[in-house]
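Reading the structure
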Amino acid sequence: MAVSLVVIGGGLSGLAAAIRFARFNPNVLILEQHSRSGGLNSYYFRNNRLFETGLHAITNFAPPTDKRAPLNRLLRQLKLKRDQFDFHEQLQSEIIFTDTASLCFSNQFELLKSEIESAFPSARTGFEQLLVLINGYDPFIPRSFVSARQVLIEHLDDQLLVDMLLCPLMFYGSSVANDMDLGQFVIMFRAIFQEGMFRPGGSIKDLLDLLLATYREYGGTIRLKTPVTRILRQGKKAIGVELGSGEIIPCDFVLSTIGYDETLALYDTPSPVHKEQQGRMGFMESIFELPVNSLPAGSHNRTIIFYNQGEHFLYQPPVDSVDFRSGVICFPSHFQGLTEPQTAEIRTTHLASYDQWRVLAQDREAYLKAKTAARDASRVTAEQIIGGFSHSLLFEDTFTPLTVERFTAKKEGAIYGRPDKIKDGVMGYENLFLAGTDQGFLGIIGSMLSGVSMVNQHILPKT
Amino acid sequence: MTRDQIKDLILDIIADIDDEADFDTLKSDQPLRDQLDLDSMDFLDIVMELRKRHQLQIPEEDYPELASLDSCVNYLEPLLKDA
């Protein structure tokens, strides 16, 4: 049977795109290779407990009254109500550059402003001018690359402050090494500093279940464990997809959310139009589960800590398997109004080298050893910053770029995708489009808006 | 449909998009977007709902005709005369 729209990938951008389409036409099918939806933001079970794979915090918090905020636009587009969700705002987060400076921020932007004023008094006027620029900038107008680093240093005239502001924005959504496009910087600055961070009260599973239930209510269909092996094309049109089983599904439109290069790999004759200029950013993530009363003092009143111990902040694929000099330490139980759990998690993230882990993986035992050693090194680094917690660990787990690649099929396990984005979502075919990570919007709200806006722009008006 | 019915239809669709939309101060000759704080994404909902409810196919080049309540009514009146 032919379907109107095939969505490849049941991650958050695919789910949002499919719900958006299903609101007006239920003949939509999501094809997900994994046994669970969610993509990068999914979950797994160990010791009868649910662990989230990717979620630290959701960016883009907005009060219900701010109708133009990305979060509220997204909810309207999907016809979801705020009260269907249980949102919890962050406590306070901190950017710590060891032995140099620290800046706290929360969902009240004034906090960051006053922190900068007291730590960097000479940058005060420059920061205000930067805010004028940010507030007046339309990041969605197509233009060529403008270096955010350059603009920041011109305004702030302080390398340390520039690095400190870039650190959280890069860790939470930059696919590019050491610099960001100004437009992307503006999007991330708004999402993290001006809007802020929150998370759902339950787990990511509750959010995914709600989205799936909404989707099914509109009549949409999802097939799990169903990898697409080919996109069938005729001239400038996609005419259907072929599944791993050999089954062929004819369709009117295809929306791929699996990445640009990953989508090209589904053509019989891959012909990349957009060449990759530089390497992809890989990450290592560890989870440490411990009794809630064993959380160290440094976690008190903190939701997320972004740290750097190096002389300069380097955001680039490391030479070694992992670069412990910088990273993220997250306390997922530290959001306002969450009922205190019995056990808490500490999650750490560092830049990691896909290539190095690939080499290690040639010897299974060496790979597992390196994984444990890297987790220990990550824990020791975190303990230097927040205090000790190694004595009471209940469970530990680590994802390398290879783990991410295996479970999400993201090329090189690069969670933020290729460095160069395909912002218009156009793949060179009249009815085949790209949404999600490689279209350019990142984070949960960003990727969902990506799915929605590609359906709005390219598909709904033409059905 | 009469002009008033078309007006009600549009307002009903908008209320469905944003249940807190304030119609009391709405000026029918002014752009809906600015007055109701809607964006282009919301706007597409009006087009899609008209299609769903009345099988109207509004071509993309005609979207500007739906800018204000008055222009909506003017544009839709001949299309919905038998509805």
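Nothing here was measured: the structure is a model prediction, and the numbers come from that model. (Residues numbered from 1 in each chain as written. Chains lettered and ligands numbered in written order. Predicted model: local features only at pLDDT ≥ 70, side-chain atom pairs only at ≥ 80, totals over all residues.)

Below, the discussion takes up the overall build of chain A. Scanning chain A from terminus to terminus reveals 13 helices and 19 strands. Relative to a compact globule of 463 residues, whose C-alpha radius of gyration would be 23 Å, chain A shows 22 Å and is just as compact. With respect to the three principal axes, the spread of C-alpha positions in chain A is 60 × 50 × 45 Å. Buried residues in chain A amount to 49% of all 463 residues. (Helix = DSSP H or I, 4+ residues; strand = E, 2+ residues; numbered from the N terminus. Rg over C-alpha atoms; globule rule 2.2 N^0.38 Å. Buried ≥ 20, exposed ≤ 12 C-beta atoms within 10 Å, placed from the backbone.)

Let us look at the interface of chain B and chain A. Across the contact, ten residues belong to chain B and ten residues belong to chain A. When residues in the side of chain B that touches chain A are grouped by element, the largest group, five residues, is from helix α3 (residues 40-54) of chain B. Residues of the side of chain B that touches chain A, tallied by class, amount to four nonpolar, no polar and six charged. (Contact = placed C-beta atoms within 7 Å. Nonpolar A, V, L, I, M, F, W, Y, C, P; charged D, E, K, R; others polar.)

This part covers the packing of helix α2 (residues 70-77) of chain A against helix α13 (residues 443-459) of chain A. Pairs of packed helices are described in terms of their axes, by the angle between the two and the distance that separates them. All names here are of chain A. Interaxial distance between α2 and α13 falls to 10 Å at its minimum, and their mutual angle equals 45 degrees. Taken as axis vectors, α2 and α13 run oblique relative to one another. In the packing of α2 onto α13, the handedness of the crossing is left-handed. Here P70, L71, L74 and Q77 of α2 come into contact with α13, specifically with I445, M448, L449 and V452. Looking at the contact of α2 with α13, its residues break down into seven nonpolar, one polar and no charged. (Axes fitted to C-alpha atoms, helices over the stretch in contact; angles between N-to-C directions. Parallel < 35°, antiparallel > 145°, perpendicular 65-115°, else oblique. Left-handed = near helix turned anticlockwise from the far one by under 90°.)

On average, residues of chain B score 91 in pLDDT, and 100% of them are at 70 or above. At the low end of the mean pLDDT range in chain B sits helix α2 (residues 32-36) of chain B, at 88; at the high end sits helix α4 (residues 69-79) of chain B, at 95. (pLDDT = per-residue confidence, 0-100.)

This part covers the pairing of strand β1 (residues 3-8) of chain A. All names here are of chain A. Taking burial as the measure, the six residues of β1 include five buried ones, the bulk of the element. Strand direction decides the pairing type here: β1 and strand β12 (residues 248-256), joined by five bridges, are parallel. Each bridged residue has a counterpart across the sheet, and for V7 the counterpart in β12 is L255. Taken together, the four bridges between β1 and strand β2 (residues 28-31) define a ladder with parallel strand orientation. Residue pairing for β2: V6 is matched across the bridge by L29. What joins β1 to β2 is helix α1 (residues 12-22), and the crossover it makes is right-handed. (Pairing = 2+ DSSP bridges. Right-handed = clockwise from strand over helix to strand, strands pointing away.)

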